[in-house]
Amino acid sequence: MQWVLHFCKFDDIFYRRDHEQNIISNDPFQSLDQNGVGQLIKIAVEKGRHVRSNIKIGICGEHGGDPDSINFFDSNGLDYVSCSPFRVPIARLAAAQAAIKNKRFDSRLGMRNKKPCL
């Protein structure tokens, strides 16, 4: 993400200014910019699966522990997320909620139609 927007965690002055002026709404190091970077992820998943349908696609980093980002990744076909250990409980819950929201869970059978994004 930071390579797309060319942000650096250490350039705090730019991030604060952009956040205060509502140029960016969320912390881009914690939550995925779904309208910008997310569109590039959609393209990458689509083109990757077109070439190799069984390719494993995932994401690692703090975005992998953000519930909104996890829902986005799940609804766009990513296979897994990875995050720091302290975020794993939240990530597991968010992945289960995303599976239900995105209708990948058959409650009659008690099994998933596709594995969850975690």
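Predicted model, so just to flag it, every value in this text is computed and none were measured. (Residues numbered from 1 in each chain as written. Predicted model: local features only at pLDDT ≥ 70, side-chain atom pairs only at ≥ 80, totals over all residues. Heavy atoms only, no water.)

Notes on the overall build of the chain
Operational definition: The way it works is that DSSP assigns letters per residue, a run of H or I at least four long becomes a helix, a run of E at least two long becomes a strand, and they are numbered from the N terminus. When accessible area is computed with a 1.4 Å probe and restricted to protein chains, residues below 20% of their type maximum are described as buried, those above 50% as exposed, and intermediate ones as partly exposed. Only heavy atoms matter for contacts: two residues are in contact if any of them lie within 4.5 Å across the pair. All accessible-area figures derive from a Shrake-Rupley calculation using a 1.4 Å probe, and residue coverage is judged against the displayed protein chains alone.
Looking only at helices and strands, one finds five helices and four strands in the chain. When the elements of the chain are put in sequence order from the N terminus, they spell out α-α-α-β-α-β-α-β-β. Considering the chain as a whole, with its 118 residues, one finds that 36% of them fall into the buried category. Expressed as a percentage of contacts within the chain between residues at least 6 apart in sequence, the contacts between residues at least 24 apart total 53%. Here the chain displays about 8,000 Å² of accessible surface, and carbon together with sulfur accounts for 55% of that area.

So, the pattern of salt bridges
The test is simple: What counts as a salt bridge is simple: a side-chain nitrogen of Lys or Arg found within 4 Å of a carboxyl oxygen of Asp or Glu.
For the coordinates displayed, the defined rule picks out two salt bridges. Here D79 makes a salt bridge to R49, at a shortest N to O gap of 3.1 Å. A residue pair is termed long-range when its members are at least 10 positions apart, and D79 in the loop between α4 (67-75) and β2 (80-82) and R49 in helix α3 (residues 37-51) qualify at 30 residues. With relative accessibility at 8%, the residue D79 sits in the buried group.

Let's talk about the nonpolar core
Stated formally: The term nonpolar core refers to a set of buried residues drawn from Ala, Val, Leu, Ile, Met, Phe, Trp, Tyr and Cys, joined through side-chain atoms within 4.5 Å.
By size, the foremost hydrophobic cluster in this structure holds 15 residues, and its most contacted members are L32, I41, I70, F73 and L78. At the level of secondary structure, the elements contributing two or more residues to this core comprise α3, α4 and α5 (88-101). When neighbours within four sequence positions are excluded, I70 is seen to be in contact with H63, G64, G65, V81, A91, A94 and A95.

Section: α5
Residues that lie three or four places apart on an α-helix share one face, since the helix turns once every 3.6 residues. Here is the rule: Multiplying 1.5 Å by the helix residue count minus one yields the expected span of that helix. For this quantity, the arc is that covered by the directions from the helix axis to the C-beta atoms.
In this model, α5 (14 residues) spans 19 Å end to end at C-alpha, consistent with the 20 Å of a helix rising 1.5 Å per residue. Of the positions making up α5, those classed as buried are A91, A94, A95, A98 and A99. For α5, the angular spread of buried residues about the axis comes to 140 degrees, placing them on one side. For α5, exposure combined with an orientation more than 90 degrees from the buried face picks out P89, R92, L93, I100 and K101. Backbone geometry just downstream of α5 places K103 in the positive-phi region, at approximately 55 degrees.

Looking at the packing of aromatic side chains
We apply this condition: Any pair of Phe, Tyr and Trp rings, taking the six-membered ring for Trp, is counted once the centres come within 6.5 Å. Such a pair is stacked with planes under 30 degrees apart, edge-to-face with planes over 60 apart, and tilted for the rest.
For the structure shown, the criterion picks out one aromatic pair. Both rings, one in F72 and one in F73, keep their centres 6.0 Å apart while their planes meet at 75 degrees; by these two values the pair is edge-to-face. Comparing F72 with F73 shows no difference in burial state: the two are buried.

With respect to the environment of V45
Looking at the secondary structure, you find V45 in helix α3. Taking the C-alpha atoms as reference, V45 lies 9.6 Å from G58; in sequence the two are 13 residues apart. Apart from the residues lying within four places of it in its own chain, the contact partners of V45 are I57, N76 and L78.

Comments concerning the confidence of the model for the chain
To keep it simple, the criterion reads: pLDDT is a residue-level measure of predictor confidence that goes from 0 to 100.
Here the chain averages 79 in pLDDT, and 74% of its residues register 70 or above. For the chain, strand β4 (residues 111-112) is the element with the lowest average pLDDT, namely 42, and α3 is the one with the highest, namely 94. Contacts of residues 108-113 to residues separated by more than four positions or lying in other chains number nine contacts, the stretch itself having pLDDT below 50.

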